Amino acid sequence: MRRAPVILFLLSAVARGARAQDYLLQAKAAAERGAMDSALTLLKHAVDAHPNSAEAHFWLAEVAGTEAAHRWAVGAFFLAKRSKREFERAVQLDPQNPLYIEGLGRYLARAPGIVGGDRDSARSLATGLLRLDRMRGTSLLVELLWRSPVPADRARADSLIEVFAQHPSGGREGQVRLAMFLSRTGKGDRALPLAQQLVADDSTDAVGRWILGATLVSQRRDPAAAARDLRWALDHPPPVTTDGREFWPPAVWWYLGQAYAQLGRADSARASYAEALRLEPHFRPAKAAMDSLTLR
């Protein structure tokens, strides 16, 4: 009879774990539909049901951070703070998980100081992550170095990209990140064959189509093909990602606008820039492009 309380406790723990997993699956499904408020509520239930689930804490951090970017003032402040706490808890529960470390590092790198952004702590995390997962560590460290005003840091970022290019890791995701690195650093001639190969390997991969379209735009090559790839990617968003912002960052719409502008389709370009600004009102490239069209 003395074993009964132990058995009941174990059964209760299993039930809580099952509920947490159920909430997590429902939350991901809600996020895929764009119902981020519902996803946020479900993820709060998931961490309440299973407070030791690192995965639940991680996804709550991701969704809370995404929602914070869409809200104003007090609402955004508390969601951002919640996002940081959940990232920290996920890493505390699973300190060797590179995905969770990268998530916390991205938060610290991008968030303003008032909600816990801390570039020094992010750099420390990136250095450790580089030893644990070279792809994710390189990505995080390069982002931090790009944000630095010190010219030597930009040079170091370029050096890290070159090292990664010589010995890429991470499979397809590593190739995606390398293509993005090269495109962002003005090496579109090297990014283009990588992007073309990504699409050749899987034409249904929205991220690959986005990178190919963006690279074609940057190289000012075949804007009609670029527009088709970008439009396809926007019409077929990937499942729940760590990108947030309704699955796609506003830059995708900006690239589509640039493709239309290269084709001379000013109205379509204007509509694309407007969508980028709807997602992020202070997105400067879209604002500048919109102003340029207005002045014509």
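As shown above, the structure is provided for reference.
Bear in mind that the values here come from a model prediction, so they are computed numbers and not experimental data.

Rules and cut-offs
- Residues numbered from 1 in each chain as written.
- Predicted model: local features only at pLDDT ≥ 70, side-chain atom pairs only at ≥ 80, totals over all residues.
- Heavy atoms only, no water.
- Helix = DSSP H or I, 4+ residues; strand = E, 2+ residues; numbered from the N terminus.
- Buried < 20%, exposed > 50% of the residue type's maximum accessible area, 1.4 Å probe, protein only.
- Contact = heavy atoms within 4.5 Å.
- Areas by Shrake-Rupley, 256 points an atom, 1.4 Å probe, with all protein chains shown as cover.
- Axes fitted to C-alpha atoms, helices over the stretch in contact; angles between N-to-C directions.
- Parallel < 35°, antiparallel > 145°, perpendicular 65-115°, else oblique.
- Left-handed = near helix turned anticlockwise from the far one by under 90°.
- Nonpolar A, V, L, I, M, F, W, Y, C, P; charged D, E, K, R; others polar.
- Phe/Tyr/Trp six-rings, centres within 6.5 Å; stacked < 30°, edge-to-face > 60°.
- Salt bridge = Lys/Arg side-chain N within 4 Å of Asp/Glu carboxyl O.
- Expected span 1.5 Å × (residues − 1).
- Polar contact = N/O pair within 3.5 Å; in protein donor to acceptor, adjacent residues only side chain to side chain.

**Q** What exactly am I supposed to notice about the overall build of the protein here?
**A** When you go through the protein residue by residue, the secondary structure sums to 15 helices and 0 strands. For the protein, buried positions account for 45% of its 296 residues. The contacts in the protein between residues at least 6 apart in sequence include a share of 52% that link residues at least 24 apart. A total accessible area of about 15100 Å² is found for the protein, and carbon and sulfur atoms account for 55% of it.

**Q** For this particular structure, what's the right way to read the packing of helix 7 (residues 134–147) against helix 9 (residues 171–184)?
**A** Packed helices, taken two at a time, are described by the angle between their axes plus the distance between the axes. Contact geometry for helix 7 and helix 9: axes closest at 10 Å, N-to-C directions at 20°. Classed by the angle they form, the pair helix 7 and helix 9 counts as roughly parallel. The interaxial crossing formed by helix 7 with helix 9 has left-handed handedness. Every residue of helix 9 that contacts helix 7 at M135, R136, T138, S139, V142 and W146 is listed here: E173, G174, R177, F181 and R184. The residue inventory of the contact of helix 7 with helix 9, partitioned by class, reads 4 nonpolar, 3 polar and 4 charged.

**Q** Where do I start with the packing of aromatic side chains in this structure?
**A** Geometry of an aromatic ring pair is reported as the spacing of the ring centres plus the angle between the planes. Within the structure shown, the criterion is met by 8 aromatic pairs. Judged by centre distance (6.3 Å) and plane angle (50°), the rings of F87 and Y107 are tilted. In this pair, F87 sits in helix 4 (residues 73–93) while Y107 sits in helix 5 (residues 98–110), placing the two residues 20 residues apart along the sequence. Overall, the relative accessible area of 4% leaves F87 in the buried class. Overall, the relative accessible area of 10% leaves Y107 in the buried class. Note on W254 and Y255: the rings are 4.9 Å apart at their centroids and 65° apart in plane angle, and the pair reads as edge-to-face. One aromatic cluster in this structure is built from F58, W59, F87, Y100 and Y107.

**Q** Would you explain the pattern of salt bridges in this entry?
**A** A pair can form between side chains of opposite charge whenever their charged atoms are brought close. Inspection of the entire model under this criterion finds 18 salt bridges. Its salt-bridge partner being E88, residue K84 comes within 3.7 Å of it at the nearest N-O pair. Of the two residues, K84 and E88 are both situated in helix 4; the distance of 4 residues between them amounts to about one turn of the helix. With relative accessibility at 36%, the residue E88 sits in the partly exposed group. For R110, the salt bridge goes to E143, with nearest N and O atoms at 2.7 Å.

**Q** I'm lost on helix 10 (residues 188–201) in this one. Help?
**A** Side chains of residues three or four places apart in an α-helix project in the same direction, reflecting 3.6 residues per turn. Between its first and last C-alpha atoms helix 10 spans 20 Å; for 14 residues at 1.5 Å apiece the expected length is 20 Å, and the two agree. Buried residues of helix 10: G188, A191, L192, L194, A195, L198 and V199, and no others. The elements touched by buried residues of helix 10 are helix 9 and helix 11 (206–219).

**Q** What should I look at first to understand the side chain of N97 in this one?
**A** Structurally, N97 can be placed in the loop between helix 4 and helix 5. The exposure class of N97 is buried, given its relative accessible area of 18%. Among the polar contacts listed, one links the side chain of N97 to the backbone nitrogen of L99, at a separation of 2.9 Å.

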